[in-house]
Amino acid sequence: MSNDHTPVDVRLPKGVRCAIALTYDTDMAGGYAPDGICHGRTMPALQEYIMRLCGTAEQFGVRLQFFQIGNGLVLPDVVEHVRQVLQRGHAVDSHTYSHLPLITKEVAQLGEELALTNQLFEEKLGWKSTVLRGPGGYQNGLDGLPENQRVILKNGFKWVSGRFNGNLLGRRGATSTEGPALEPPYAYPTGLIEFPIQAATDRTWFDTLRCVSPEAWTQWRKECGHKPIPKGWRAPWTDKDALDDWIRYNQAVADFAYERRLACCLCWHPYSHYVHDPDNRALPAFLAHCAAKTEKVWVCTMRDLVEMCVSQ
Ligand SMILES: [Zn+2]
């Protein structure tokens, strides 16, 4: 751990053996876009898929955490969609206005983006975002960037989740399941608290680690990206066992957190699951796995998770 990090105590509620925040970044990802640009104007097919995820979670009594790119909240149908997600009891927080990395040198622009997104959340949704998900993921989080930390704090965020240590990915098939211990939450010198992403994301898993044909991916993205997926279609760039292994991988991360009594943050994307798990197998399998444990695994929101963090 860097000298600039102050450890954070995580206090699990009584009776909870481990807590897992299942977070979804709702991006219309550049990796699935014909023009390669990531934005927040969620297409109707993806809105439907997100509603399906909400339905699955509700069957297990679980509230999901979503992170929304602010520039989607200029479209009435996206506003209505996010409003429904909130009404159903799930949490939605800021993912910046234009998917701007939090480690940007354009600190003034970062401040403007955060303020504008806060304003849209308030005006369109009557909702205040309290946790910020950093777009893209950063090996060293916001280490050495006190100005960036300050502008985030100034815009009302005490917590950020943007650090993603690529060392967790390892070789193919050897991706670490020990992220909840290797990448603990910490406070920066400014007092801002970082809760890192602690396991491989679905984007990395399906589109990088298990990609068998980058050419097929590029071709699909250019010709079919951002269009509804036909029934029975399978992503031709990803190996055929990737979904089963993804399910097992996340269950193994949960097992590790359970064993060690830890709090854990996972980062998934509805769009990646829409593309690679169109029948929605991963979420029910994960929630059933957690629900079957002897002691309580609290699958919670990021808001719930950060409330457990106490600076030392
Ligand atoms: Zn994102």
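As shown above, the structure is provided for reference.
Residues numbered from 1 in each chain as written. Predicted model: local features only at pLDDT ≥ 70, side-chain atom pairs only at ≥ 80, totals over all residues. Heavy atoms only, no water.

(A) Broad picture of the overall build of the protein chain. Check the secondary structure of the protein chain and you find 11 helices and 11 strands. Taken against the 2.2 N^0.38 rule, which gives 20 Å for 312 residues, the C-alpha radius of gyration of the protein chain at 18 Å falls within 12% of a compact globule. C-alpha atoms of the protein chain, sized along the principal axes, occupy 50 × 45 × 35 Å. Counting all 312 residues of the protein chain, 58% fall into the buried class. In the protein chain, the share of contacts with a sequence separation of at least 24, taken over all contacts with a separation of at least 6, comes to 82%. When the accessible surface of the protein chain is totalled, it reaches about 13,000 Å², and 50% of it is carbon and sulfur. Each charge class in the protein chain was averaged separately, 33 positive and 35 negative side chains, and the resulting centres sit 3 Å apart. (Helix = DSSP H or I, 4+ residues; strand = E, 2+ residues; numbered from the N terminus. Rg over C-alpha atoms; globule rule 2.2 N^0.38 Å. Buried < 20%, exposed > 50% of the residue type's maximum accessible area, 1.4 Å probe, protein only. Contact = heavy atoms within 4.5 Å. Areas by Shrake-Rupley, 256 points an atom, 1.4 Å probe, with all protein chains shown as cover. Lys, Arg positive; Asp, Glu negative; His and termini not counted. Charge placed at Lys NZ, Arg CZ, Asp CG, Glu CD.)

(B) Structural detail: unusual backbone geometry. Located in the positive-phi region is arginine 261, a residue other than glycine, with phi close to 60°. Relative to the elements of secondary structure, arginine 261 occurs in the loop between helix 8 (242–260) and strand 9 (263–268). The backbone phi angle of asparagine 280 is positive, close to 55°, even though this residue is not glycine. In this structure, asparagine 280 sits in the loop between helix 9 (270–276) and helix 10 (282–291).

(C) Representation of the pairing of strand 3 (residues 65–68). Of the two faces of strand 3, the one carrying Gln65 and Phe67 and the one carrying Phe66 and Gln68 are both buried. Of the strand pairs in this sheet, strand 2 (residues 16–25) and strand 3 are connected by three bridges, and their pairing is parallel. What sits directly across from threonine 23, in strand 3, is glutamine 65. Relative to strand 4 (residues 91–94), strand 3 runs parallel, the two being bridged by four bridges. Bridge pairing links glutamine 68 to serine 94 in strand 4. (Pairing = 2+ DSSP bridges.)

(D) Spatial organisation of the state of the cysteines. All chains considered together, the criterion is met by zero disulfides. Cysteine 211 takes part in no disulfide bond, and the closest cysteine sulfur to it belongs to cysteine 224, at a distance of 15 Å. Residue classification places cysteine 211 among the buried positions, given a relative accessible area of 18%. (Disulfide = S-S within 2.5 Å.)

(E) The arrangement of the coordination of the zinc ion in detail. Distances from the zinc ion to its protein donors, Asp27 (OD), His95 (NE2) and His99 (NE2), fall within 1.9 to 2.1 Å. Read in sequence order, the donor residues coordinating the zinc ion give the pattern D-x67-H-x3-H. Placement of the pair is aspartate 27 in the loop between strand 2 and helix 1 (44–59) and histidine 95 in the loop between strand 4 and helix 3 (107–125), with a sequence separation of 68 residues. Neither residue differs from the other here; aspartate 27 and histidine 95 are each classed as buried. (Donors = N, O, S within 2.8 Å, 3.2 Å for Na, K, Ca; no water.)

(F) How the structure looks around the pattern of salt bridges. Under the criterion given, the structure shown has 17 salt bridges. Between arginine 248 and aspartate 245 there is a salt bridge; the shortest N-O distance is 2.8 Å. Taken together, the residues span about one helical turn, with arginine 248 and aspartate 245 both in helix 8 at a distance of three residues. (Salt bridge = Lys/Arg side-chain N within 4 Å of Asp/Glu carboxyl O.)

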